[in-house]
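# Observations on the three-dimensional arrangement
In case you want the letters, here they are:
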Amino acid sequence: MSLDLASLSVGDVVAERSFTLTRDALVRYAGASGDFNPIHYRDDVAVSVGLDGVLAHGMLTMGLAVQPVFDWVGDPALVDDYQVRFTRPVFVHAETGATVDVVAKVGQLGADAATARIDLTVTGNGQTVLGKAQVWVHASA
Amino acid sequence: MYEPTPPYLVGREKIREFSAAVFSVNPLNFDVQAARAAGYDDLVAPPTFGVVVQERTLAQLLATPDADLDFSRVVHGEQRFSYSRPIVAGDELTATLTVASVKQLGGHSMVTSESSITDATGAHVVTAISTLVVRGDE
């Protein structure tokens, strides 16, 4: 597996994927991650703390958003850094769920195309939910 | 300074479970032969798996008596991972928490904490940095 960044230009889309979140996806993530905060599976608790309803774990959104980049990069050892800001919750309706769309574009290229910053645009039900979502990768030797 | 967390042994099935939960379709997360063919000793964990180990340091932080943090008022503001290498099944990981900063902002507290995760040899694997926003009284 090799990653050649020299053929890329800023603005190129390197990966995209659409995800459907349902309540069972939130329960599965709760179990897998150990985050059992009830605002991610109980509407009554979510409403009692002033939310509109059950929302996805921020770390679930962060976790799935990087997957298309992980697949594109090929070797996970080439990923140096991944950061996000949680700017808006993803509410997951009991019956209709939620849609999360991810588009990964080249945000910046380092000198000699040795590194690249991949910027993620992540929307939940059509609204941006992550800010400054950036993955730094380096080219394979 | 906080005590390092007890060693966390990364299990193969835990990686499969976490990978399915973040909608991975990557063979390196599920197929041992594919991971070995790519040069890894065992299954590779997804990029955000470090949160499972970091969570143990956040529990230390929230349990600090003088921190006075109300969990129901804590909102995740930012998250970052800086990697030395991917986490692989069989790794024995230890996290050490250092609170980087507490800032007051319009009645809210912003707690930025950094957890350095190392393997059994003491080598750095990943640093996880979280900013938690503790909402003030309304």
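What counts and how
- Residues numbered from 1 in each chain as written.
- Chains lettered and ligands numbered in written order.
- Predicted model: local features only at pLDDT ≥ 70, side-chain atom pairs only at ≥ 80, totals over all residues.
- Heavy atoms only, no water.
- Helix = DSSP H or I, 4+ residues; strand = E, 2+ residues; numbered from the N terminus.
- Buried < 20%, exposed > 50% of the residue type's maximum accessible area, 1.4 Å probe, protein only.
- Contact = heavy atoms within 4.5 Å.
- Areas by Shrake-Rupley, 256 points an atom, 1.4 Å probe, with all protein chains shown as cover.
- Axes fitted to C-alpha atoms, helices over the stretch in contact; angles between N-to-C directions.
- Parallel < 35°, antiparallel > 145°, perpendicular 65-115°, else oblique.
- Left-handed = near helix turned anticlockwise from the far one by under 90°.
- Nonpolar A, V, L, I, M, F, W, Y, C, P; charged D, E, K, R; others polar.
- Phe/Tyr/Trp six-rings, centres within 6.5 Å; stacked < 30°, edge-to-face > 60°.
- Pairing = 2+ DSSP bridges.
- Expected span 1.5 Å × (residues − 1).
- Bend = angle between axes of the 7 residues up to and from the residue.

The next point concerns the overall build of chain A. The helix and strand tally for chain A stands at four helices and six strands. Along chain A, from the amino end to the carboxyl end, the secondary structure elements read β-α-α-α-α-β-β-β-β-β. Residue burial in chain A is summarised as follows: out of 141 residues, 50% are buried. Nonlocal contacts in chain A, meaning residues at least 24 apart in sequence, comprise 68% of its contacts between residues at least 6 apart. Counting every atom, chain A has about 6,100 Å² of accessible surface; 49% of that belongs to carbon and sulfur.

Okay, the packing of helix α1 (residues 23-33) of chain A against helix α1 (residues 12-21) of chain B next. Packed helix pairs are characterised by how far apart their axes lie and by the angle those axes make with each other. Relative to each other, α1 of chain A and α1 of chain B sit at 150°, their axes nearing to 9 Å. The angle between α1 of chain A and α1 of chain B falls in the class roughly antiparallel. Crossing of α1 of chain A over α1 of chain B shows left-handed handedness. Across from R28, Y29, G31, A32 and S33 of chain A in α1 of chain A, the residues of α1 of chain B making contact are K14, E17, F18, A20 and A21 of chain B. Residues that form the contact of α1 of chain A with α1 of chain B fall into these classes: five nonpolar, two polar and three charged.

Here we come to helix α3 (residues 58-65) of chain A. Burial of α3 of chain A is extensive: seven of the eight residues sit out of reach of the surface. If you check which residues of α3 of chain A are buried, you get M59, L60, T61, M62, G63, L64 and A65 of chain A.

The subject of this paragraph is the packing of aromatic side chains. Aromatic ring pairs are reported here in terms of the distance separating the ring centres and the angle at which the planes meet. Summed over all chains, the structure comprises five aromatic pairs over all chains. Ring geometry for F18 of chain B and F49 of chain B: centres 5.2 Å apart, planes at 85°, overall edge-to-face. Of the two residues, F18 of chain B is situated in helix α1 and F49 of chain B in the loop between α2 (32-37) and α3 (50-63); the sequence distance between them amounts to 31 residues. Classification of F18 of chain B by relative accessible area gives buried; the value is 0%. Judged by relative accessible area, F49 of chain B falls into the buried class, the value being 0%. By way of ring pairs, the aromatic residues Y29 of chain A together with Y8, F18 and F49 of chain B are connected into one cluster.

For the rest of this paragraph, the subject is the pairing of strand β2 (residues 74-83) of chain B. Here five bridges tie strand β2 (residues 79-86) of chain A to β2 of chain B, and the two strands are oriented antiparallel to one another. Bridge pairing in β2 of chain B links Q83 of chain A to R80 of chain B.

The next point concerns α3 of chain B. Residue and element names in this part refer to chain B. Over its 14 residues, α3 extends 20 Å from the first C-alpha to the last, a length consistent with the 20 Å expected when each residue adds 1.5 Å. A bend of about 25° at R56 is the largest found in α3. Within the sequence span of α3, burial applies to G50, V51, V52, V53, Q54, T57, L58 and L61.

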